[in-house]
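If you want the building blocks of each chain, they are given just below.
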Amino acid sequence: MPEPIEVRKVPLHNVTDASELARLVDDGVIEADRVIAVIGKTEGNGGVNDYTRILADRAFREVLVAKGSRSMEQVRQVPIVWSGGTDGVISPHATIFATLPADRAVRTDEPRLTVGFAMSEQLLPEDIGRVAMISKVADAVKVAMARAGITDPADVHYVQTKTPLLTIHTIRDAKSRGKTVWTEHTHESMDLSNGCTALGIAVALGEIQMPTDADVMHNRELYSSVASCSSGVELDQAQVVVVGNARGVGGRYRIGHSVMRDALDQDGIWAAIKDAGLELPPRPHPSDLNGRLVNVFLKCEASQDGQVRGRRNAMLDDSDVHWHRQIKACVGGVTASVTGDPAVFVSVSAAHQGPDGGGPVAAIVDLG
């Protein structure tokens, strides 16, 4: 049986700041050696060359080494997923997951938060956007589920991944071996890697059957309702964190999920919070949360038809500000208006993650 989980959200005071993680350890809330995952937002451009992710990653890993007994090599195995870009009101922050000794956790037979982690086989540049990647991701998701003690896919509410995207270097490598790549546009490969990964998650959880290469980025009716996929230049495997609920694990926290149908769908966010176990009135207000919402995790995407609720917008045609930044700022504002807290995990590039123009929402709550 997996150990119970403690989960806390902390602010980043600057791009290399991990002081609030250190404070949690110093105050005895968590132990550095028991930190098993971190998911956070950094303030860079969110693009291929967003090095704020690497700076934040280094800062957090250095604290885990300094405050614990693990070597840097061991700490490098801890999944730390940074999503770059805090457009609009979104505030840089991190959500930290750590195990607790059973004698320190609330005992209950009710479903409570559990976390599992896995790394896929190496993803070659020619795999990205193709069935080979889908299969490798699906296999890793199943391993992470098993490590979380989850047997029923319905108990999985959030799968956070980090996968490689294509760079000039990796494109050149594929060509040198006589291979082709899906695209030679490195920024486009971010959407591609995320979308293909989401299909792998959907396959692993039985949400869809195995797609074809032709379905990737084209058949938007195929999606996962729990996938949250990010990509970057810092790895060549799929890093998979599965978050769900399991009976008997104990602890105070529980997770739920839903989907936003479009960029303005506040009800989808509230539905995820309710699914996690909070009782709310028919028309809830942020004050009804009473500090029990730990965090929400969302993916967002500009609708391919260039509209929201029948009104056209210019995001996809804008040559000055990429639509990634515009939709992220929009959904970040909508989400913060629900939670009353701008420190929300809102990530863009949601192909095959929730319905077109919307996206999946996961919510973790403290049930005390």
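Treat the numbers as computed from the prediction; the structure is a model and nothing was measured. (Residues numbered from 1 in each chain as written. Predicted model: local features only at pLDDT ≥ 70, side-chain atom pairs only at ≥ 80, totals over all residues. Heavy atoms only, no water.)

## Topic: unusual backbone geometry
Right, on to step 1. At M217, a position not held by glycine, the phi torsion is positive, near 70°.
Right, on to step 2. With respect to the element layout, M217 can be found in the loop between α6 (188–204) and β7 (227–232).
Right, on to step 3. We classify M217 as buried; its relative accessible area is 14%.
Right, on to step 4. Non-glycine residue H352 carries a positive phi angle of around 65°.
Right, on to step 5. Within the secondary structure, H352 is located in the loop between β13 (345–348) and β14 (359–366).
Right, on to step 6. Residue H352 is classed as buried on the basis of its relative accessible area of 1%. (Helix = DSSP H or I, 4+ residues; strand = E, 2+ residues; numbered from the N terminus. Buried < 20%, exposed > 50% of the residue type's maximum accessible area, 1.4 Å probe, protein only.)

## Some thoughts on the sheet that holds β13
Right, on to step 1. Spatial ordering of the open sheet is given by β9-β14-β10-β13, a layout of four strands whose pairing is mixed. Taken across any chain shown, the strands that pair with only one partner, and hence form the sheet edges, are β9 (253–260) and β13. Each strand of the sheet is rotated relative to its neighbour by a mean of 15°, with strand direction disregarded.
Right, on to step 2. With eight bridges joining them, β9 and β14 adopt antiparallel strand pairing. Its bridge partner being in β14, V259 is matched across the sheet by P360.
Right, on to step 3. Helix α7 (residues 266–275) contacts β9, β10 (293–300) and β14 of the sheet and is inclined by roughly 155° relative to β9. (Pairing = 2+ DSSP bridges. Axes fitted to C-alpha atoms, helices over the stretch in contact; angles between N-to-C directions. Contact = heavy atoms within 4.5 Å.)

## Observations concerning empty space enclosed by the protein
Right, on to step 1. Tallying each qualifying case throughout the model produces three cavities of 30 Å³ or more.
Right, on to step 2. Its boundaries defined by the atoms lining it, the largest cavity holds a volume of some 100 Å³.
Right, on to step 3. Contributing to the lining of the largest cavity are 15 residues, with G46, S83, M190, S230 and S347 lying nearest its centre.
Right, on to step 4. Sorting the residues of the lining of the largest cavity by element identifies β3 (80–84), α6, β7 and β13 as the ones contributing at least two each. (1 Å grid on protein atoms, 1.4 Å probe; cavity = no way out; pocket = protein on both sides within 12 Å on 5 of 7 lines; lining within 4 Å. Points joined across faces, edges and corners; volume = space filled by probe spheres on them.)

## Some details on the packing of helix α1 (residues 19–26) against helix α2 (residues 52–67)
Right, on to step 1. Contact pair α1 / α2: the axes reach a minimum separation of 9 Å and the direction vectors enclose 25°. Considered as vectors, α1 and α2 are oriented roughly parallel to each other. Here α1 runs over α2; the crossing is right-handed. Contacts between α1 and α2 involve L21, A22, V25 and D26 from the first element and F60, V63, L64 and K67 from the second.
Right, on to step 2. A breakdown of the residues in the contact of α1 with α2 according to their chemical character gives six nonpolar, no polar and two charged. (Parallel < 35°, antiparallel > 145°, perpendicular 65-115°, else oblique. Left-handed = near helix turned anticlockwise from the far one by under 90°. Nonpolar A, V, L, I, M, F, W, Y, C, P; charged D, E, K, R; others polar.)

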